[in-house]
Amino acid sequence: MAKINESGITTMQYIEKHTTPPKDWDKWFTTANGVKSFDYKKDYQSLTNLKLAKIFLLDEQHGLCAYCQQIISLENSSIEHVTPKEHNVNLSTNYFNLVVVCKTQIKDNDGKVHCDKQRLSSLMSPIIFYGNAEANDSKTNTYFGAYADGSVFAKSNLDEQTKKQAEAFIEVLNLNHTQLKETRAKEVLDGINAIFMSLPQNQKKAFWKNQYERILQNKSYPFRQFLLSYIGSKIGIN
Ligand SMILES: [Zn+2]
C-alpha cells in the first residue's frame, strides 16, 4: 500500500500539497446528516459542499489536470482518487489522496480515452505518486522525457523499477493519446519553435534557457511538464 506522503504528489507534474488539510476539509466532507465521510462513493450524493473541495484542489494545481496538464475548469473537471476508492476506501476522502483531473472523453483511433476516464480504478505506481522528500517541482523531468511530436516517454536512465512505473503511468493514463500529442505539439510547441526560428543566430542560445525559466515560473502553463522536459533536454537540464 502506498504511503501517503505530505510533501506532494509527483505525476506528470509535481503537486505541492499543503502540510495539513485545509481547515474546512472535514466540513466539505460532512454529509447532509452531519457525519464526517470516510467513503466518497457511498456519500457522494449527500456531500453538498464538494464543490468547495474541488475549488481548493483546482487552485492547488494551478488549474491544470493532475495527469495530462491541460487547462481544466470547475465545470470540466472531476475529483480523482490517486489510490482508487475501490482499492482503499479509507483514503477516499483523504486530502492527500485527492486531485482534480480533466473530464475529456474523446476516443482515440484505438477507442481509448485518457486520464482517469481511461484509468478507471487501476492501481498505479506509488513511488511516482507520493513524492519522496527529495521530490520537487523542478525535478519532475527526472522521470519523463518529451519528443517534438508531442509524445512523452519514461527516461531511459531511470533504475529499472522506476522506469517500469513511469512507463506504466503513461500507459495506464494513455498520455500519448493522439489528441494530447497533437495539442502539445501544435498548440504549445509549434509557437515556441516558430519564435526560435525567427530569432537572429546570436539570440538562439539564450532563447531556450529563457523559455525554460519562463515556463518554470508559470505554474499554470498548459502542458508545462511536457515543455520543461522538452526544453530541459536542449539545455542540459534533465
Ligand atoms: Zn487530463
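Scope of this entry: the structure provided in the associated data block.

Scoring rules and cut-offs
Residues numbered from 1 in each chain as written. Predicted model: local features only at pLDDT ≥ 70, side-chain atom pairs only at ≥ 80, totals over all residues. Heavy atoms only, no water. Helix = DSSP H or I, 4+ residues; strand = E, 2+ residues; numbered from the N terminus. Rg over C-alpha atoms; globule rule 2.2 N^0.38 Å. Buried < 20%, exposed > 50% of the residue type's maximum accessible area, 1.4 Å probe, protein only. Areas by Shrake-Rupley, 256 points an atom, 1.4 Å probe, with all protein chains shown as cover. Lys, Arg positive; Asp, Glu negative; His and termini not counted. Charge placed at Lys NZ, Arg CZ, Asp CG, Glu CD. Donors = N, O, S within 2.8 Å, 3.2 Å for Na, K, Ca; no water. Tetrahedral: all angles 85-135°; square planar, octahedral: opposite > 155°, others 65-115°. Core = buried A, V, L, I, M, F, W, Y, C linked by side-chain atoms within 4.5 Å. Contact = heavy atoms within 4.5 Å. Expected span 1.5 Å × (residues − 1). Bend = angle between axes of the 7 residues up to and from the residue. Axes fitted to C-alpha atoms, helices over the stretch in contact; angles between N-to-C directions. Parallel < 35°, antiparallel > 145°, perpendicular 65-115°, else oblique. Left-handed = near helix turned anticlockwise from the far one by under 90°. Nonpolar A, V, L, I, M, F, W, Y, C, P; charged D, E, K, R; others polar. Salt bridge = Lys/Arg side-chain N within 4 Å of Asp/Glu carboxyl O. Pairing = 2+ DSSP bridges. Phe/Tyr/Trp six-rings, centres within 6.5 Å; stacked < 30°, edge-to-face > 60°. Lys NZ or Arg CZ within 6 Å of the ring centre and 35° of its normal.

Points about the overall build of the protein chain
Consideration 1: When helices and strands are tallied, the protein chain shows nine helices and six strands.
Consideration 2: Over its C-alpha trace the protein chain gives a radius of gyration of 18 Å, about what one expects of a compact globule, namely 18 Å for 238 residues.
Consideration 3: Counting only C-alpha atoms and orienting by the principal axes, one finds that the protein chain spans roughly 65 × 35 × 30 Å.
Consideration 4: In the protein chain, which comprises 238 residues, the proportion classed as buried is 50%.
Consideration 5: Accessible surface, the protein chain as shown: approximately 11800 Å² in total, 50% of it carbon and sulfur.
Consideration 6: Charge centroids of the protein chain, computed over 29 positive and 25 negative side chains, lie 2 Å from each other.

As for the coordination of the zinc ion
Consideration 1: Coordination of the zinc ion by the protein is provided by Cys65 (SG), Cys68 (SG), Cys102 (SG) and Cys115 (SG), with metal-donor distances spanning 2.3 to 2.4 Å.
Consideration 2: Of note is the zinc ion, whose four donor atoms meet at the metal with angles of 105 to 113° in an arrangement that counts as tetrahedral.
Consideration 3: Of note, the donors binding the zinc ion are all from one chain and are spaced C-x2-C-x33-C-x12-C. Pair noted here: cysteine 68 is in the loop between α3 (50-60) and β3 (77-81) and cysteine 102 is in strand β4 (residues 98-102), with a separation of 34 residues, a long-range link. Residues cysteine 68 and cysteine 102 agree in their burial class; the two are buried.

Quick notes on the nonpolar core
Consideration 1: Core analysis: the largest hydrophobic core is formed by 57 residues, its most contacted members being Trp25, Phe29, Cys65, Tyr67, Phe169, Leu175 and Leu227.
Consideration 2: Aside from chain neighbours lying at most four places away, what touches leucine 175 is Met12, Tyr67, Cys68, Cys115, Val152, Phe169, Ile170, Leu180 and Arg184.

Looking at helix α8 (residues 201-217)
Consideration 1: For α8, spanning 17 residues, the distance from its first C-alpha to its last is 26 Å, which sits close to the expected 24 Å at 1.5 Å a residue.
Consideration 2: At phenylalanine 207, α8 shows its maximal kink, close to 35°.
Consideration 3: Looking at α8, one finds that the buried residues are Lys204, Phe207, Trp208, Gln211, Tyr212, Ile215 and Leu216.
Consideration 4: The elements touched by buried residues of α8 are α7 (178-198) and α9 (224-234).

Remarks on the packing of α7 against α9
Consideration 1: For the pair α7 and α9, interaxial distance at closest approach is 11 Å and the crossing angle is 45°. Taken together, α7 and α9 sit at an angle that is classed as oblique. The hand of the α7/α9 crossing is right-handed. Facing Arg184, Val188, Leu189, Ile192 and Asn193 of α7, the residues of α9 in contact are Phe226, Leu227 and Tyr230.
Consideration 2: Its residues placed into classes, the contact of α7 with α9 shows six nonpolar, one polar and one charged.

A closer look at the side chain of histidine 114
Consideration 1: With respect to the helices, strands and loops of the structure, histidine 114 is situated in the loop between β4 and α4 (116-119).
Consideration 2: The exposure class assigned to histidine 114 is buried, which follows from its relative accessible area of 0%.
Consideration 3: Beyond its immediate sequence surroundings of up to four residues, histidine 114 is in contact with Cys68, Gln70, Cys102, Thr104, Leu173, Asn174, His177, Gln179 and Leu180.

Topic: the pattern of salt bridges
Consideration 1: Summed over all chains, the structure comprises eleven salt bridges.
Consideration 2: For glutamate 80, the salt bridge identified is with arginine 119, shortest N-O distance 2.5 Å. One end of the pair, glutamate 80, is in strand β3; the other, arginine 119, is in helix α4, and 39 residues separate them in sequence. Across the pair, exposure class does not vary: glutamate 80 and arginine 119 are buried alike.
Consideration 3: Salt bridges linked by common partners bring Lys23, Asp24 and Lys27 together as one network.

Side note on the pairing of β3
Consideration 1: Of all the five residues making up β3, five are buried; the element is thus mostly covered by neighbouring parts of the structure.
Consideration 2: Of the strand pairs in this sheet, β3 and β4 are connected by five bridges, and their pairing is antiparallel. Opposite glutamate 80, over in β4, you have valine 99 as the bridge partner.

Some remarks on the packing of aromatic side chains
Consideration 1: For the structure on display, the rule yields 16 aromatic pairs.
Consideration 2: Both rings, one in tryptophan 25 and one in tyrosine 95, keep their centres 5.2 Å apart while their planes meet at 75°; by these two values the pair is edge-to-face. Of this pair, tryptophan 25 sits in helix α1 (residues 25-28) while tyrosine 95 sits in the loop between β3 and β4, and the two are 70 residues apart along the sequence.
Consideration 3: Lying across the ring of tyrosine 95, lysine 17 places its NZ or CZ 4.1 Å from the centre.
Consideration 4: Above the plane of the ring of phenylalanine 196 lies lysine 204, whose end atom (NZ or CZ) is 4.8 Å from the centre.

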